[in-house]
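So you can see what is in the structure, the chains are spelled out below.
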Amino acid sequence: MKRMFALCMIVLLAVAGCTYAKEQRRTAEEAEAMLDKAIAYYVSNDPKKAFAAFNDPKEEFVDGDLFIFALDMNGTILAHGGKPALVGKGPDDIRDADEKNFITELMEAAKTKQSGTVDYKFETPASLMVEKKSSFFQEVGGIVLGSGYFTAYEWQVFPHPFSM
């Protein structure tokens, strides 16, 4: 009986998380628009002020699962609206769910093309589920600004907490 109750609770939490995450899902167009807004803000303000605004969940640069990130040209995170605790981390500190070093990939592209997209798998801020994500980025005066959107659910299989 306890196992059945526990299983039902897990299913209910998973469904609630999926529903919440789906309601918060943003589009590629919204991610590009936010990046454009962040570039304009960064260019017209002091970098420290811009990074503080990008990290602040009460500012206009964090909206559900949509946020701005900023990297220096070595790939060190200067701002991250989704997880401000990542500020100061570098490309060797962060991998995606498949252990892909997506920051190094993004930085190589930024140095040669100045703008583009990178695809990877990352945890959503709302549901904490791993999903496929695409991020737009642009190099602006020695800083790389970006914003991404989640494109599809990627269910992760974890060991069952209750042995049967």
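Not measured: the values here are computed from a predicted model.

What counts, and at which threshold
Residues numbered from 1 in each chain as written. Predicted model: local features only at pLDDT ≥ 70, side-chain atom pairs only at ≥ 80, totals over all residues. Heavy atoms only, no water. Helix = DSSP H or I, 4+ residues; strand = E, 2+ residues; numbered from the N terminus. Buried < 20%, exposed > 50% of the residue type's maximum accessible area, 1.4 Å probe, protein only. Contact = heavy atoms within 4.5 Å. Areas by Shrake-Rupley, 256 points an atom, 1.4 Å probe, with all protein chains shown as cover. pLDDT = per-residue confidence, 0-100. Salt bridge = Lys/Arg side-chain N within 4 Å of Asp/Glu carboxyl O. Patch = residues over 30% accessible without salt bridge, like charges linked within 9 Å, V, L, I, M, F, W, Y side chains within 5 Å. Lys, Arg positive; Asp, Glu negative; His and termini not counted. Charge placed at Lys NZ, Arg CZ, Asp CG, Glu CD. Polar contact = N/O pair within 3.5 Å; in protein donor to acceptor, adjacent residues only side chain to side chain. Phe/Tyr/Trp six-rings, centres within 6.5 Å; stacked < 30°, edge-to-face > 60°.

## Concerning the overall build of the chain
And then number 1: Helix and strand counts for the chain come out as 4 helices and 6 strands.
And then number 2: Looking at the 164 residues of the chain, the share that counts as buried comes to 42%.
And then number 3: Across the chain, every contact between residues at least 6 apart in sequence was considered, and the portion connecting residues at least 24 apart equals 53%.
And then number 4: Accessible area of the chain: about 9,300 Å², with a carbon and sulfur share of 58%.

## Examining the confidence of the model for the chain
And then number 1: Summarising the model, the chain shows a mean pLDDT of 83, and 77% of its residues fall at 70 or more.
And then number 2: Segment residues 5–9 is flagged for pLDDT under 50; beyond a separation of four residues in sequence, or across chains, it makes 1 contact in the model.
And then number 3: In this model, residues 154–164 is a region of pLDDT below 50 whose contacts with residues beyond four sequence positions or in other chains number 12 contacts.

## Considering the pattern of salt bridges
And then number 1: One pass over the full model with this rule turns up 5 salt bridges.
And then number 2: One salt bridge connects Asp63 with Arg26, and the closest N-O pair in it is separated by 2.7 Å. With Asp63 in strand β1 (residues 62–63) and Arg26 in the loop between α1 (2–24) and α2 (28–44), the pair connects residues that are 37 residues apart, well separated along the chain.
And then number 3: Taking relative accessible area as the criterion, Asp63 reaches 36% and is therefore assigned partly exposed.
And then number 4: With relative accessibility at 14%, the residue Arg26 sits in the buried group.
And then number 5: Here Lys121 makes a salt bridge to Asp98, at a shortest N to O gap of 3.1 Å. Taken together, the residues span a long stretch of sequence, with Lys121 in strand β4 (residues 115–123) and Asp98 in the loop between β3 (77–80) and α4 (102–113) at a distance of 23 residues.
And then number 6: Classification of Lys121 by relative accessible area gives buried; the value is 15%.

## Describing a negative patch on the surface
And then number 1: A surface patch of negative charge is lined by Glu29, Glu30, Glu32 and Asp36.
And then number 2: The residue Glu32 is located in helix α2 in this model.

## Some points on helix α3 (residues 47–55)
And then number 1: Considered for burial, the residues of α3 that qualify are Ala50, Phe51, Ala53, Phe54 and Asn55.
And then number 2: Between a side-chain oxygen at the N-terminus of α3 and the backbone nitrogen of Lys48 the separation is 3.1 Å; the capping residue is Asp46.

## Looking at the environment of Leu106
And then number 1: As for its position among the elements, Leu106 is in helix α4.
And then number 2: Classification of Leu106 by relative accessible area gives buried; the value is 3%.
And then number 3: Aside from chain neighbours lying at most four places away, what touches Leu106 is Phe69, Leu71, Val118, Phe137 and Val144.

## What about the packing of aromatic side chains?
And then number 1: On inspection of all chains with the given rule, the structure shows 8 aromatic pairs.
And then number 2: A centroid spacing of 6.0 Å and a plane angle of 80° characterise the contact between Tyr120 and Phe122, whose relative ring orientation is edge-to-face.
And then number 3: Here Phe122 falls in the buried class, since its relative accessible area comes to 14%.
And then number 4: On the basis of an interplanar angle of 25° and a centroid distance of 5.8 Å, the ring pair of Phe136 and Tyr149 is categorised as stacked. Highlighted residues: Phe136 in strand β5 (residues 130–140) and Tyr149 in strand β6 (residues 143–153), separated in sequence by 13 residues.
And then number 5: A network of ring pairs unites the aromatic residues Tyr41, Phe54 and Phe61 as a single cluster.

## Remarks on the side chain of Asn45
And then number 1: The residue Asn45 is located in the loop between α2 and α3 in this model.
And then number 2: One polar contact links the side chain of Asn45 to the main-chain carbonyl oxygen of Tyr41, over a distance of 2.8 Å.
And then number 3: A distance of 3.3 Å separates a polar atom in the side chain of Asn45 from a polar atom in the side chain of Lys49.

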